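Observations on the model geometry
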Amino acid sequence: LTAGLAWSKTAVFTTITSVVLLPLCLLKNLSSLAPFSLLGSLGMLYTAVAMGIRYFGKAYVGSGKFAKDLPFNLQPAFGTIGASGVFNTQT
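Conventions used here
- Residues numbered from 1 in each chain as written.
- Predicted model: local features only at pLDDT ≥ 70, side-chain atom pairs only at ≥ 80, totals over all residues.
- Heavy atoms only, no water.
- Helix = DSSP H or I, 4+ residues; strand = E, 2+ residues; numbered from the N terminus.
- Rg over C-alpha atoms; globule rule 2.2 N^0.38 Å.
- Buried < 20%, exposed > 50% of the residue type's maximum accessible area, 1.4 Å probe, protein only.
- Areas by Shrake-Rupley, 256 points an atom, 1.4 Å probe, with all protein chains shown as cover.
- Phe/Tyr/Trp six-rings, centres within 6.5 Å; stacked < 30°, edge-to-face > 60°.
- pLDDT = per-residue confidence, 0-100.
- Patch = residues over 30% accessible without salt bridge, like charges linked within 9 Å, V, L, I, M, F, W, Y side chains within 5 Å.
- Salt bridge = Lys/Arg side-chain N within 4 Å of Asp/Glu carboxyl O.

When you go through the protein chain residue by residue, the secondary structure sums to 3 helices and 0 strands. By the compact-globule yardstick of 12 Å for 91 residues, the protein chain is too spread out, its C-alpha radius of gyration being 22 Å. Summarising its shape, the C-alpha atoms of the protein chain cover approximately 55 × 35 × 35 Å along the three principal directions. Across the 91 residues that make up the protein chain, the buried fraction comes to 5%. Just so you have it, the protein chain exposes about 8,500 Å², and 70% of that area is on carbon and sulfur atoms.

This is the structure we're talking about:
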């Protein structure tokens, strides 16, 4: 529900950029943004650790904890030819 506003994706991105991001970029001293940079870096580290835990715990392999939750028609199929299939236009 848009509360009566029908905004396009371009209009939303332009507004956010103009109202929020542009003033932050125009600051004379960017050191006030340092804590938020650290917060973003810690968030990326947390995400990488969580992904590593799931990867090495084999949670998404065929017999893993979460594999049965994904319907068969939504499961990815990578085939048997491997990475060489990316460069082979005949397959």
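One pass over the structure, following the stated rule, counts 1 aromatic pair. Centroid distance Tyr-55 to Phe-56: 5.0 Å. Interplanar angle 80 degrees. Geometry classified as edge-to-face. In terms of burial, Tyr-55 and Phe-56 fall into one category: exposed.

Here the protein chain averages 84 in pLDDT, and 91% of its residues register 70 or above. Per-element mean pLDDT across the protein chain ranges from 74 in helix α3 (residues 84-87) up to 94 in helix α2 (residues 34-56).

This next bit is on the environment of Ser-37. Its location among the elements puts Ser-37 in helix α2. With relative accessibility at 46%, the residue Ser-37 sits in the partly exposed group. Along the primary structure Ser-37 and Asn-88 are separated by 51 residues, whereas in three dimensions their C-alpha atoms are 42 Å apart.

Taken together, the side chains of Leu-5, Trp-7, Val-12, Phe-13, Ile-16, Val-19, Val-20, Leu-21, Leu-24, Leu-27 and Leu-30 define a hydrophobic patch exposed on the protein surface, amounting to about 990 Å² of accessible area. In this structure, Val-19 sits in helix α1 (residues 9-25).

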